Structures are given as C-alpha cells and as structure tokens.
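If you want the building blocks of each chain, they are given just below.
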Amino acid sequence: MHNLFFKRKGTQRLNAKVRKGVSLRYSAFSLAFLCVLSILFFFPLPSSAAQTQPERIPLTLELLQERLRTPILREGNLTVDLQKMVIDLRPENASFRDAFYQLLRKELGAKPLGLDLSYALILGDFVGSDLVLRTPLYAKAIAPIFTFTEQQELERLRFVCLESLVNSKDCRSLLGTKSTASSEIAVFRGVLKLVQTRFNGEIKFSNTFFLQSVDAQGATFLQSTNWTETRFGRPVSFSGGKFKQPSNFQGSIFFEKANFKQTQFQEFADFQGSIFENTANFNQATFKELAKFNSVQWRENADFSDVRFANQVQFTKANFNQLFILTEAIFEQAAIFREVEFNQSVNLQGASILNQADFSDARFSPEACLSVPGLTFNSNQAKILGNPGQIGKMFCTPTLQGNQNILRNLGQNFRQQQQVTDANELEYTKQELRLVEMSRSLTATNINSASVASLIKLGFSETQAAAIAQRRLIKSFRNSSELLTLADIDLEKYTQLSDRLIVGEPLSIGGWLLQAWSWLGLSVLLLLSGYGTNFWLVFGVGGVAIAYFGLLFWLVDRYRRLHPVPIIPTSYETISILVSFSLLEFLSLLAIFRNTQQPWLTLGCLFIILVPVPLALLMRLYQQGRYHDLMDVSYFTEDGTFRQLRLLIGRLPVIPRNQTFRERYMPLLSDRRWNWLNYYDFSLNNLVKLGFNDIRLRDEHLPGIISALAWYQWSLGVIYITLVLWTLSRTIPGLNLLIYLK
C-alpha cells in the first residue's frame, strides 16, 4: 500500500518534471521564433536582396533553334523569345557565338521577326549589327528587298538626308546611284526588346536601321556602347537605363519619340550631330561626365527637366525648333550654348546654374526668350555669358513677384562683365513688370475689400460672392489661390478671373492717387527713356521737341498778321524751315522707332506733352490778334557780344529789365537768309541748355502768350536735361561703375 503510494507519488513527480521540461523547451522555441520575427520586422533585408533576381537559364544552340522555329506573338509582332537567358558570347565560346549570329542573321534578315532579350545576361561583346543582313540602300536596290511599309520608312530617311544635308554612309547611299561595301547598312526589321537586360561587354549597333521600336527600359550597359549613325524608325526607350561606360549616339536619327527618362550616363555621352524628329525626353536623367549635344537638331520639344549635369555639357550649334525645357535642371559645371538657334522659349524655371552658362553668338527668334522664373543663380559664384547688347534682351519672366532677386543677380552678373547695356535691359524688364503690377493694383478687384456687388459684377455667382465675404470676416486672404479652399469656387472659375483679382491691404483715396501718380511717372520714364537705359531713345525724343518748338517760335515771330499790312515770312524762309523741320523730325522719329518696343505709345506720350498746351496758346494768340508797339521787330534777341557754342545751364528765356541788357541783346535780323536757324537755336537753348548764341525773348512789348510758350518749353527742358544726365549715368560704363560698383 505504502509502496504503491510512493510509486504513484514518484510517477506524478516524474510526469511533472517531464511536463516542466517540455514547457521550458516550448517557451524557448517560442522566444527564439519571436526574436527572429522581430529582427526581420525591425531590420529589413537590403533591397538588392529583397528583390528576387530573375532565374536565367543558359542558352544552347538546341534551345536557340527551338525558339527560332517557334516564335511567339507578342503585342501583334512575331518575336523570338530569348527572355531570362544567359548568352555567352565571349571569345572562349567562339563556336557558339558564331552560330548564334549566323542563325539569328538568317531568320531576322529574311523575315521581320522581333527579338526579345529582356532580363537576359549577355556575356562578352554584343555586335547587334551582325544579327541582321547588311543591304545597300541606293534607290534601285530598295524595292526587291523591303516591303511597301519598309520602303516608306526609307523614304523618310531620304527626306531627312535631303533636309538636313547629313553626310553619313546611308544618306550618301540613298542619294547616290551606285552600291559599295561602305554604303551598306544593317536593317533590323523587327521589334527589339532589351528590358532589364544586362550587358557585360561592349554593345555595337553602329550604322543600323531599326524599322520597329526599340525598348531598353532598365537595361544595364557595363561597357561602352556604340550607336553611331543608327536610325530609329519607331519609338525608342532607354528609360531607367544605366550606361556605366562611354555611350556613343553620334550622328543617329530618331524618327519617333526618344525616351531617356531617368537614364544614368556615368561616363562620356556623345550625341553630336544627331537628329530628333520627334519629342526627346531626358527627364530626370543624370550625366556624371562630359555630355556633348553639339550640332543636334531638335525638331520637336526637348525635355531636360530635372536633369543633373555633374560635368560640362555642350550644345554648340544645336537647333531647337520647339520648346527647350530645362525646368529644375542642375548645371554643376559649364553649360555651353554657343551658336545655338532657339526658335521657341527656353524654360529655365527653377533651374540651377552653379558655374557658367555661355550663350555667345546664340540666335533667338522673335518668339524665343530665356524664361528664368525661380532660377538659382549667384553672380558671385557663377556667370552667364552672351553677346554684349543682345543677351540682356533675351531674359523673360511672367511676374516680378518672387523674381526680383533673380533679375538683380542677372544684372549684377553683366555689370561685373562691364556689359552695361545688358544690365540696363534687365532693369528695363524689371520696371516693365513693376508697371504691370502697379496697373493691376489700380484696376483689379481686391477680394479683401470688394463689396459683394462688385464680386458679382466681376463674374462670381451670388453664392460664391457670399462665401468670399464670409471667409474674409474670419481671416483675410493672403493670396488669390486661397479662393480654391472655398467649396463653392472651382478651378475653372478661378482660372477665368485670376488675372482680374488682387490680394492686399485696401487702398485709401490718397493711397490710390499716390499709386496712380507713381504709375504715371514710371510709364513716362519707360516710354521716353526706357527707364534711363536707352540714350538714343532720349536723343530722338529731344530731337522731336526741339524741331517742334523751333517751328512754333518761327511761326509766332514771323507770321504775325495779314491785315492791314501783312507781316509774313518770305517763301524761301518758309520752304527752308519746313524742309529742315521735316528732316529733323524724320531723323528723330527714326531714332525712336529703332530704339523702343512701343514707338506709337512713345509718340502718343510726346503728343500729350508737346501739343495740347502750345496749341491752345497758339490758337488764343491768333484769335485775339496782336496790337502792340515794335510790331516790325523780332520778339527774339541775341547776345551781340559773343558768338560761340556755350553751355547755358542758368540761362532764363527772357532778358532782364536792366537797360544795359537791352543794349547788349540785339533783335534778330529777319532779312538774313539764315535767320530761320536762330529759332532752332532758341529751342535748343531752352531744352538742352546748349546753344551757339545766347538767344532770349525781349522784355518789352512782348505778348504774354509768347512768353508763356517759352517758359513752358524751358520748364520741360529742366526735366529733359535731368533725364539726359540720368540716362548718361546709366549708359556710359565709367559713370555707371561709379554709381553701381559695390
């Protein structure tokens, strides 16, 4: 009994120990499993390890022959499927290599079969031009070899050869009449797919014509690639590709879209002499070494947005027929654009020029400009070069807001190079944009202060106007784009009305008048002097005023009355003054039209300044008539003691009342044939404070209207001489440096 009890008790203890041991082992296993899961969760494997590599199988002759006998239909094209293969073309495998090229050349040359090498690994050099038959391209040999569609492709090549005068082998063959070995070209008649293909050796596709598309997305080229004088008849894509050694596309022609998006060129990239007949997309590409695009013809848009040029890039003698997009592009070293022809705008929005950009001898069409909003450019570290007197006109930006610093840096860049004209052009552009902003602030509707009725009249619905009014009670608008945060306002309505809206503090009546006065002054400065940047424009404006007032003074002095005794000039004097007036006005107008972008507005401004007041005085003078003493004596007198060219800054238009001055200043001699020149001299004295004689009005028996006319021109002369000196200080390099040199 006791033995049984002790036996059971021992058995229970043993079972407890066993269960405890099993439990401990289970807990340890669970803890280890949780640790592994934690490591995998918190420390994930590298992406290279996480991404499963494609399982490749070695390509044998038997497998190659089987794939050639049974091509597959892919995207509507019969294709030889060699995906995920390891193709050994190294010299030590010469027998396979020779058979590989021979078998493919036989099939691909006879039929328009595609070739799919996606995800394959190519060992050794890959001579793509040996995959197909080489054929002559001269006119008589084309018809029996190619189909009608393929002949049309070759006709496109002939057209490009004629249009661009390309001196390549195939162009010489197409335009010639005889076939030679050197004029033959390899024609790839089917689709070529190289998606994620890895090439360990060199790639040679020189002098090859692809009649169908080429897709090399994500392909990796470990050695140099040769695409010299290759013709891509259909879209080609190297998107995401990696060129780890030099890549040569020199003299190639891309008939359809060329896609190099996110492509990495880690060594020298050569596209010299290539032709892009359609859109070229290099978006987000990277060029780590020298990139050459010299003499490239871009027939459609060239997109280089977000591209990073880590080394020098050359576009010398390139031709851009459409937009050249460089938004957010980074130029870490020199960018050469010498002798480039731009037919549309160059978009440099947000681009970064960190070293030097050379636009020397570049040609811009009337529609083309360098659009630089948001450009990152420091004139103390980088430079922009161009032809003096021309490059400054080529910069443009849509608004002044956010771009003042850019225009200031560009102006400082040209001042450091002593290209004062270009710096002044940028200043003129800056002030034009300022005038546009001032015009908007005077005429546009301020959504922070406009009444609901004004908003409705502008184009908002009643609901939208009420929503705007409710929103600004809570918080004022900081910019017009905040309107889109309102549920009742859609993008279409915002786009429609955004040009007529402003956001800012409401202007009082006095503030509005001051703003209008500033707008008027700035407008006059821009129209009459280009904001002090164009001396020849100022010269033309002065010439118009001098000739005009000279004619008026001659008229009031020489044409006094017809009855009872006529006091009128001779016919010779009349012809002389009219001919001289016409000549001076012609030369002055020529200077205006050649030196301003808005000559008719400039003439309109001059008309408002010069015509109304003098014309009103003149009409009043002849309306009331003249009945005073000394009717036969000229109103104008000259200093009889001197006859020399003098600067008369402090001179006033009327002689003093002192008797000694009356004796010193003698009336003009009306019987002299050259007397009409004195009226121009008086006008010159009044306006420019310079003259050959000191000519003034007499102080007795002088109609007040004539005196008022002289004082009016003299007042304009004070303003004009100030404008002349200010313009000279900005346009003469020496004076300009004294003012602006830091």
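Report follows, based on the coordinates. (Residues numbered from 1 in each chain as written. Predicted model: local features only at pLDDT ≥ 70, side-chain atom pairs only at ≥ 80, totals over all residues. Heavy atoms only, no water.)

### Focus: the overall build of the protein
Across its full length, the protein holds 21 helices and 52 strands. Taken across its 742 residues, the protein has 47% of its residues classed as buried. For the protein, long-range pairs separated by at least 24 residues make up 54% of all intrachain contacts whose partners lie at least 6 apart in sequence. Total accessible area on the protein is roughly 37,900 Å²; 57% of this is exposed by carbon and sulfur atoms. (Helix = DSSP H or I, 4+ residues; strand = E, 2+ residues; numbered from the N terminus. Buried < 20%, exposed > 50% of the residue type's maximum accessible area, 1.4 Å probe, protein only. Contact = heavy atoms within 4.5 Å. Areas by Shrake-Rupley, 256 points an atom, 1.4 Å probe, with all protein chains shown as cover.)

### Re the pairing of strand S48 (residues 636–639)
Because side chains alternate across S48, one face comprises the buried residues Phe636 and Glu638, and the other comprises Thr637 and Asp639, equally buried. With 3 bridges connecting them, S48 and strand S52 (residues 695–697) associate as antiparallel partners. Paired with Thr637 across the bridge in S52 is Arg696. Inspection of the sheet shows S48 paired to strand S50 (residues 665–667) by 3 bridges, in the antiparallel sense. Counted as the bridge partner of Asp639 is Tyr665 from S50. (Pairing = 2+ DSSP bridges.)

### Structural notes on the packing of helix H14 (residues 535–558) against helix H20 (residues 704–731)
In a packed pair of helices, the relevant descriptors are the angle between the two axes and the axis-to-axis distance. One can describe the packing of H14 onto H20 by two numbers: an axis separation of 11 Å at closest approach and a directional angle of 165°. By the criterion of interaxial angle, the relationship of H14 to H20 is roughly antiparallel. The two elements H14 and H20 meet at a crossing, and its hand is left-handed. Where H14 approaches H20, its residues Phe535, Val538, Phe539, Gly542, Ala545, Phe549, Leu552, Phe553 and Val556 are matched on the opposing element by Ile706, Leu709, Ala710, Tyr712, Gln713, Leu716, Tyr720, Val724, Thr727, Leu728 and Thr731. (Axes fitted to C-alpha atoms, helices over the stretch in contact; angles between N-to-C directions. Parallel < 35°, antiparallel > 145°, perpendicular 65-115°, else oblique. Left-handed = near helix turned anticlockwise from the far one by under 90°.)

### Notes on the pairing of strand S4 (residues 85–88)
Sheet analysis places strand S1 (residues 57–58) next to S4, joined by 2 bridges and oriented parallel. Residue pairing for S4: Pro58 is matched across the bridge by Val86. Bridging between S4 and strand S6 (residues 121–123) involves 3 bridges; their strand directions are parallel. Bridged to Asp88 within S6 is Leu123.

### Side note on the state of the cysteines
Evaluation of the coordinates by the stated rule reveals 1 disulfide. With a sulfur-sulfur separation of 2.0 Å, Cys369 is cross-linked through a disulfide to Cys396. Taking the sign of the torsion about the S-S bond as the criterion, the disulfide between Cys369 and Cys396, at about 50°, is right-handed. Of this pair, Cys369 sits in the loop between strand S41 (363–364) and strand S42 (370–371) while Cys396 sits in strand S45 (residues 395–396), and the two are 27 residues apart along the sequence. The exposure class of Cys369 is buried, given its relative accessible area of 15%. (Disulfide = S-S within 2.5 Å.)

### A closer look at the sheet that holds strand S16 (residues 225–226)
Spatially, 10 strands are ordered S7-S12-S16-S20-S24-S28-S32-S36-S40-S44 in an open sheet, and the strand pairing comes out parallel. Where the open sheet ends on each side, the last strands, each with one partner, are strand S7 (126–127) and strand S44 (383–385). Pairing geometry for strand S28 (residues 291–292) and strand S32 (residues 313–314), over 2 bridges, is parallel. Residue pairing across strands places Lys292 opposite Gln314, the latter belonging to S32.

### Things to note about the nonpolar core
One finds Phe100, Phe282, Phe293, Trp298, Phe304, Phe315 and Phe342 to be the most contacted residues of the largest nonpolar core, which totals 98 residues. Mapped onto this core, the elements with two or more residues apiece are helix H3 (61–69), S4, helix H4 (94–110), S7, strand S9 (185–188), helix H8 (404–416) and helix H9 (420–443). Here this core gets 5 residues from one element, more than from any other, and that element is H4. Filtering out sequence-adjacent residues up to four positions away, Phe282 remains in contact with Phe260, Phe271, Phe276, Phe287, Phe293, Trp298, Asp303, Phe304, Ser305 and Val307. Counting residues in hydrophobic clusters, the runner-up holds 47 residues, among them Leu528, Tyr548, Ile592 and Leu606. (Core = buried A, V, L, I, M, F, W, Y, C linked by side-chain atoms within 4.5 Å.)

### Some thoughts on the pattern of salt bridges
Under the criterion given, the structure shown has 16 salt bridges. We note a salt bridge from Glu573 to Arg558, for which the minimum N-O separation is 3.1 Å. Of this pair, Glu573 sits in helix H15 (residues 571–595) while Arg558 sits in helix H14; the two residues are 15 residues apart in sequence, bridging distant segments of the chain. Judged by its relative accessible area of 3%, Glu573 falls in the buried class. By relative accessible area, Arg558 is classed as buried at 11%. Through salt bridges that share partners, Arg74, Asp81 and Asp116 make up one connected network. (Salt bridge = Lys/Arg side-chain N within 4 Å of Asp/Glu carboxyl O.)

### Some thoughts on the sheet that holds S48
Strand order in this open sheet of 3 strands is S50-S48-S52, and the pairing throughout is antiparallel. Edge positions in the sheet fall to S50 and S52, since each has one partner strand and no second. Across the sheet, the axes of successive neighbouring strands diverge by a mean angle of 40°, strand direction being ignored.

### Examining the side chain of Gln464
Here Gln464 is to be found in helix H11 (residues 462–474). Classification of Gln464 as buried rests on a relative accessible area of 8%. From its side chain, Gln464 meets the backbone nitrogen of Ser461 in a polar contact 3.0 Å long. (Polar contact = N/O pair within 3.5 Å; in protein donor to acceptor, adjacent residues only side chain to side chain.)

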